[in-house]
Amino acid sequence: MNAENKTENLTKGSQVAAPLDLLASDLANLEVRDTPDEAVLGSIPLPSSLSDDLAETGYSVCGTAAGKTWTSAVREEITSLHAKGLMQKSLNRLATSRAPVADGGSPGHTCEKPGVSELNLIQGGQVVAEEAMAASPVLRSWFHGTNDDCCGGGLTAMLAKLQDGAPWLALTHLDTLKIQFNEGVGGCFPLHRDTQDKTGRKLTAILYLGENWEATHGGELRLLPFPLAPVNVAPRAGQLVLFSSVATLHRVMPAKAAVPRCVVSLWFGSGGLPGGDLETPPTDVSGKLFPWRYPKWIDPDQAEQLAFLRLPKNADMLTKILYAEEMAESIEEAFGKSEGVQAALALHFEEAARTEAAVNKALLELLRETLPLTCPAESYQA
Ligand SMILES: O=C(O)CCC(=O)C(=O)O
Ligand SMILES: [Fe+2]
């Protein structure tokens, strides 16, 4: 059965695939390696499995992408920017109704993540926070790629490694560099995908800087690589997570201890920067540019039958339904239970129910029984 037929089945047809066996798997590809303390992000190889990881799961985890000395220096810079009051509250606008308002937008409720501050240092490839950048020599030299004296790392080296590791993403530039400081008092991010817009952002790279992170500190990044099982990633210093900005659902679990959680988030794009020589970025909204294939632990026949689950429209509909509860929980954890949040949750459940009504019931029942596809070790906390 091809993907087109399956797409129809999702909304109209009555035919459903045979139940799946949940298959055992080899778990990830954790390359143990000796990372020099001074290693700058970009200076040391990314996992050799990067391309396979991204194509099979939509994400790739690199246990150590930078050394202790460098990650400590970046953590100190972020901590000091926070102490100087140069960062901003992290806000989200939650839709509360589908009815348009006078200015053409839709009604919403703006909420703040408690204890979480952020700042874009780079946006559209340009420095947009001059004062903060001036006060951050380590991040500044990483961006300008002038740290030859520290193992030849920096943005240029990192971009080259990503281009090499996943050439099909056609990455051309760093679009955004955001720093984040979470005081560790419950702050978290609700379930989301990073990009629905046309900025050309394709790949998210998150570098964690948590010194002596322990499970009791919370703040794990939870990836939901539908239809595969969710994975929690520890925000340990030097750990880098790469994932599709367009496709990969993720959230940040609540921080549980008064230990700051510091993060550098990078978004890489294709198609060049605005005003550059290249054409408008190719978009993978059609699903064509991301070469999805299922991990080897899924039987090839089943993999073929399940390809339709990853067509963007299908994945969007099904995750809205299957992760409706987790989405609601993550919104409440991030923003509390104010009236505005309650209105947003009511709309969220209404939309999930409307989406569910459009999907073939037998197929949905089957998917509820068989998904997510689980490999034996679900949680990675190296
Ligand atoms: O802090 C993290 O681990 C992820 C943050 C995130 O998802 C975002 O900034 O979009
Ligand atoms: Fe995100």
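As named in an unreviewed UniProt entry, the protein chain is Fe2OG dioxygenase domain-containing protein, taken from Cymbomonas tetramitiformis. Under the UniProt heading Cofactor (unreviewed entry), the entry covering the protein chain gives this text: "L-ascorbate".

## Brief notes about unusual backbone geometry
For the bond running from F226 to P227, omega is 5 degrees, close enough to zero to count as cis. With respect to the helices, strands and loops of the structure, P227 is situated in the loop between β8 (221–224) and β9 (231–233). The omega torsion of the bond from L371 to P372 falls at -5 degrees, within 30 degrees of zero and hence cis. Position of P372 among the secondary structure elements: in the segment after α11 (361–370). Positive phi, normally seen in glycine, also occurs at N212, with a value near 50 degrees. Residue placement: N212 occurs in the loop between β7 (201–208) and β8. Owing to a relative accessible area of 61%, N212 belongs among the exposed residues under this scheme.

## Some thoughts on the packing of helix α8 (residues 312–322) against α11
It is at 12 Å that the axes of α8 and α11 come closest, and there the two elements cross at 65 degrees. The pairing of α8 with α11 is recorded here as roughly perpendicular in orientation. Every pair of crossing elements has a handedness; the one defined by α8 and α11 is right-handed. On α11, the residues touching L318, I321 and L322 of α8 are L364, L367 and R368. Class assignment for the residues of the contact of α8 with α11 results in five nonpolar, no polar and one charged.

## Remarks on the site of ligand 1
Taken together, the neighbourhood of ligand 1 is formed by K178, Q180, F189, H192, D194, I206, Y208, L221, H250, V252, R261 and W267. H192 has a polar side-chain atom sitting 3.1 Å from an oxygen atom of ligand 1. Residue D194 places a side-chain N or O atom 3.1 Å away from an oxygen atom belonging to ligand 1. Across the complex, the protein chains shield 96% of the 290 Å² of accessible surface that ligand 1 would expose by itself. Among the secondary structure elements, those contributing two or more residues to the shell around ligand 1 are β5 (171–182), β6 (189–192), β7, β11 (249–252) and β12 (261–270).

## Thoughts on the pattern of salt bridges
The tally for this structure, following the rule as stated, stands at 16 salt bridges. Put simply, R222 and E326 hold a salt bridge, and the shortest N to O gap is 2.8 Å. Taken together, the residues R222 in strand β8 and E326 in helix α9 (residues 324–335) connect sequence positions 104 residues apart. If you follow the salt bridges from partner to partner, you end up with R222, R251, E326, E329 and E333 in one network.

## Thoughts on the environment of L41
Turning to its location among the elements, L41 is positioned in the loop between α1 (3–11) and α2 (50–57). Classification of L41 by relative accessible area gives buried; the value is 3%. For L41 and L240, which are 199 residues apart along the polypeptide, the C-alpha to C-alpha distance reads 9.1 Å. In this view, L41 contacts A65, A66, W70, W142, G153, G154, M158, L207, L240 and L266; residues no more than four positions away in its chain are not counted.

## As for the packing of α8 against helix α10 (residues 339–357)
It is at 9 Å that the axes of α8 and α10 come closest, and there the two elements cross at 125 degrees. Classed by the angle they form, the pair α8 and α10 counts as oblique. The element α8 and its partner α10 pack so that their crossing is left-handed. For the pair α8 and α10, contact is made by M317, K320 and I321 and by A352, T355 and E356, respectively. Its residues assigned to classes, the contact of α8 with α10 comprises three nonpolar, one polar and two charged.

Parameters and conventions
- Residues numbered from 1 in each chain as written.
- Chains lettered and ligands numbered in written order.
- Predicted model: local features only at pLDDT ≥ 70, side-chain atom pairs only at ≥ 80, totals over all residues.
- Heavy atoms only, no water.
- UniProt positions renumbered as here; feature names shortened; annotations may be inferred.
- Helix = DSSP H or I, 4+ residues; strand = E, 2+ residues; numbered from the N terminus.
- Buried < 20%, exposed > 50% of the residue type's maximum accessible area, 1.4 Å probe, protein only.
- Axes fitted to C-alpha atoms, helices over the stretch in contact; angles between N-to-C directions.
- Parallel < 35°, antiparallel > 145°, perpendicular 65-115°, else oblique.
- Left-handed = near helix turned anticlockwise from the far one by under 90°.
- Contact = heavy atoms within 4.5 Å.
- Nonpolar A, V, L, I, M, F, W, Y, C, P; charged D, E, K, R; others polar.
- Near = heavy atom within 4 Å.
- Polar contact = N/O pair within 3.5 Å; in protein donor to acceptor, adjacent residues only side chain to side chain.
- Areas by Shrake-Rupley, 256 points an atom, 1.4 Å probe, with all protein chains shown as cover.
- Salt bridge = Lys/Arg side-chain N within 4 Å of Asp/Glu carboxyl O.

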